[in-house]
Amino acid sequence: MSYVRAQVGGIQLNSAPRKPSSQARGIPSRIATQAPKPAGPSARFAGSSHALRFRVQQNAFTPKWVETELADIESPEVATPIIKETDVFSWTKQWYPCHVIDCMDPTRPTKFTLLGIDMVFWRDGEGKWRAFEDKCPHRLAPLSEGRVEDDGQLLCAYHAWKWNGDGECTSIPQAEPEMHAKLCSNPRACVKAFPTREDEGLLWVFPESGADGLLASTTVEPIRMRETAKPDDRFDVQLQAWAVRDLPYGWDVFMENVTDPAHVPVSHHNIMGKRTDAGPTGAPANIVHQALSDKEGFRVGSFTFRPTYHVRIDLNGPEETAKPRTMLCLYNVPTTPGRSRHIGRPVVVTPKAEGEKEARLGLFKAMFTHPIPRWLLHILGSLFLHQDQAFLAAQQRNLARGEGDWFDQCYLATNADKGNVYFRRWLQRNGVADAHGKRTVPWESVSGTSSAMPAALPTDEEMFDVYHAHVQHCTHCQGALRNLTVIRAAAALAAALNAALAGGP
């Protein structure tokens, strides 16, 4: 298998390597490796009736379009530009957004898994959030079952060993006094600590430990939206609260889903359109604004993917600074095979002194920016996520069971799948092959975790279990649940008293 390359207007394009079928899928000899000089605005390759059309933007600021037609390729992966061979991508040399800080309980440890690495988050005596390997060096008990002591240190609930924020052991109660300092200073008594930082209300973790990991963490920045990372004084930026949720499907399935504009009116019927609105996505949704890159991702239509964990969706279409814009900032972190954590929020950007344009957002903007209780916002978020959750979990299971990779199993008939194709091409280059040859996260090399997917689909009860997916991770919703429990008990008591009084003499 090899790539068929063409060059149009200085942009290289490639067709994807595919497993040959029973009927040879050779590229017709009439498709040249070098495009002829176009006579008009379009360069056209001759081909069969199965031709596929796509557009590539040459320059984001001075749009000049190359419209190309390639033949005898039945799926839109032909639109994938050649990737820079000099790009180097690392799964671990990145800051991952792992939790929403104001949803966390600073008085107790919080368990989390990142790239298969079991971690524990806790806040030390200086008010800084820390990330340790969730394993006591003494007898390997989980530190997430421990305690944050009044002195701001982490205590293992098994034998009461303690550590400071740097992972240094400070107390071994079982040690003789004359040996205590020596035993605590032994490197084997230390806990593996990972670099952390706090930005935009999120806890970010760098999944490499030790001095090398700390040094590497200083060379990269978290992936953030430019509107919030570097605010522009010409605009007002309005932020809704973050939502956090553990999902019963993997990071790759989430990324494929959120770069798919065609599913929105169908899967999210009556929330983001109606299923009767389904139709061709149109040229604007298929325009390639940023070519595929190992380190930088891609931008197709309104969707921007930045590896590994960020997708930005411009709901008003491609960016325009002359009008109010609403965007979704979506993060998704690989936790374990077939599972992931989602963190996201809407962002509304309005030009200052543009009051009349601001009003055009109307009810849609009010829904995203009007203050509402955090717990209610999180409940409403569940309604949206639940609409296609069963589809995605089953899709993941079917892909794992099927023969061949994603491109072999999926029939990609239209350009509506272009964003998905770009993402899967990225994963094809930067993922590793599992035992069945499917590209995935390098679980084994990062954490020693098997890449095997869950054997069965979650039950409906597990699929739509909001408590374990969200409430247990959110102090706001835990408080609301406690209040509702009290209200329910009070209502039951009032009903019982009313019934007793009504049945009296």
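Note that the structure is predicted; figures quoted are calculated from it, not measured. (Residues numbered from 1 in each chain as written. Predicted model: local features only at pLDDT ≥ 70, side-chain atom pairs only at ≥ 80, totals over all residues. Heavy atoms only, no water.)

### Here's the deal with the sheet that holds strand β7 (residues 117-123)
In step 1: An order of β6-β7-β8-β13 is seen for the 4 strands of this open sheet, with the pairing classed as antiparallel. Looking at the sheet topology across the chains shown, the edges are occupied by β6 (110-114) and β13 (193-194).
In step 2: As paired elements, strand β8 (residues 129-133) and β13 share 2 bridges and run antiparallel to each other. In the strand pairing of β13, A131 is matched with F194. (Pairing = 2+ DSSP bridges. Helix = DSSP H or I, 4+ residues; strand = E, 2+ residues; numbered from the N terminus.)

### Describing the state of the cysteines
In step 1: For the structure shown, the criterion picks out 0 disulfides.
In step 2: Looking at C184, it has no disulfide partner, and the nearest cysteine sulfur is the one in C169, 3.9 Å off.
In step 3: Assessed through its relative accessible area of 8%, C184 is described here as buried.
In step 4: We note that C477 lacks a disulfide partner, and the nearest cysteine sulfur, in C474, lies 3.8 Å from it. (Disulfide = S-S within 2.5 Å. Buried < 20%, exposed > 50% of the residue type's maximum accessible area, 1.4 Å probe, protein only.)

### A closer look at the packing of aromatic side chains
In step 1: Enumeration over the complete set of coordinates arrives at 19 aromatic pairs.
In step 2: An angle of 70° between the planes, with centres 5.4 Å apart, marks the rings of W122 and F132 as edge-to-face. Placement of W122 in strand β7 and of F132 in strand β8 is noted, with a sequence separation of 10 residues between them.
In step 3: Note on F132: relative accessible area 0%, which makes it buried.
In step 4: Grouped by ring-pair contacts, the aromatic residues F89, W91, W251, F298, F305, Y422, F423 and W426 constitute a single cluster. (Phe/Tyr/Trp six-rings, centres within 6.5 Å; stacked < 30°, edge-to-face > 60°.)

### Points about the pairing of strand β18 (residues 288-293)
In step 1: By the bridge criterion, 3 bridges tie β18 to strand β19 (residues 297-300) in an arrangement that is antiparallel. For S293, the partnering residue across the bridge sits in β19 and is G297.
In step 2: Following β18, the chain reverses through 3 residues before pairing antiparallel with β19.

### Some points on the pairing of β8
In step 1: Most of β8 sits out of view: 4 of its 5 residues are buried.
In step 2: Hairpin connection from β7 to β8: 5 residues lie between these consecutive antiparallel strands, with G127 at a positive phi of about 80°.

### Describing the pattern of salt bridges
In step 1: Enumeration according to the criterion identifies 19 salt bridges in this entry.
In step 2: With its nearest N and O atoms 3.0 Å apart, the salt bridge here joins R429 to D294. On the criterion of sequence distance, the pair formed by R429 in helix α11 (residues 418-430) and D294 in the loop between β18 and β19 is long-range, its members being 135 residues apart.
In step 3: Looking at R429, the relative accessible area reads 36%, which means it is partly exposed.
In step 4: Among the charged side chains, a salt-bridge network with shared partners connects R197, D199, E200, E221, R224 and R345. (Salt bridge = Lys/Arg side-chain N within 4 Å of Asp/Glu carboxyl O.)

### Observations concerning the environment of K162
In step 1: Note on placement: K162 falls in strand β11 (residues 162-163).
In step 2: Its relative accessible area of 16% is what places K162 among the buried residues.
In step 3: When the C-alpha positions of K162 and C136 are compared, they lie 9.7 Å apart, and in sequence the two are 26 residues distant.
In step 4: A polar contact of 2.7 Å, which involves the side chain of K162, links it to the side chain of D151. (Polar contact = N/O pair within 3.5 Å; in protein donor to acceptor, adjacent residues only side chain to side chain.)

### A look at the side chain of D314
In step 1: With respect to the helices and strands, the residue D314 is situated in strand β21 (residues 310-314).
In step 2: Judged by its relative accessible area of 3%, D314 falls in the buried class.
In step 3: Engagement of the side chain of D314 in a polar contact is seen with the side chain of R312, the distance being 3.1 Å.
In step 4: Once you skip the residues sitting within four places of it in the chain, D314 turns out to touch R299, S302, R325, T326 and M327. (Contact = heavy atoms within 4.5 Å.)

### As for the confidence of the model for the protein chain
In step 1: Chain-level statistics for the protein chain give a pLDDT mean of 81 and a share of 77% at 70 or above.
In step 2: Contacts from residues 1-82, a stretch scored under 50 in pLDDT, to residues over four places away or in other chains number 163 contacts.
In step 3: The low-confidence segment residues 356-364 (pLDDT under 50) makes 10 contacts with residues lying over four places distant or belonging to another chain. (pLDDT = per-residue confidence, 0-100.)

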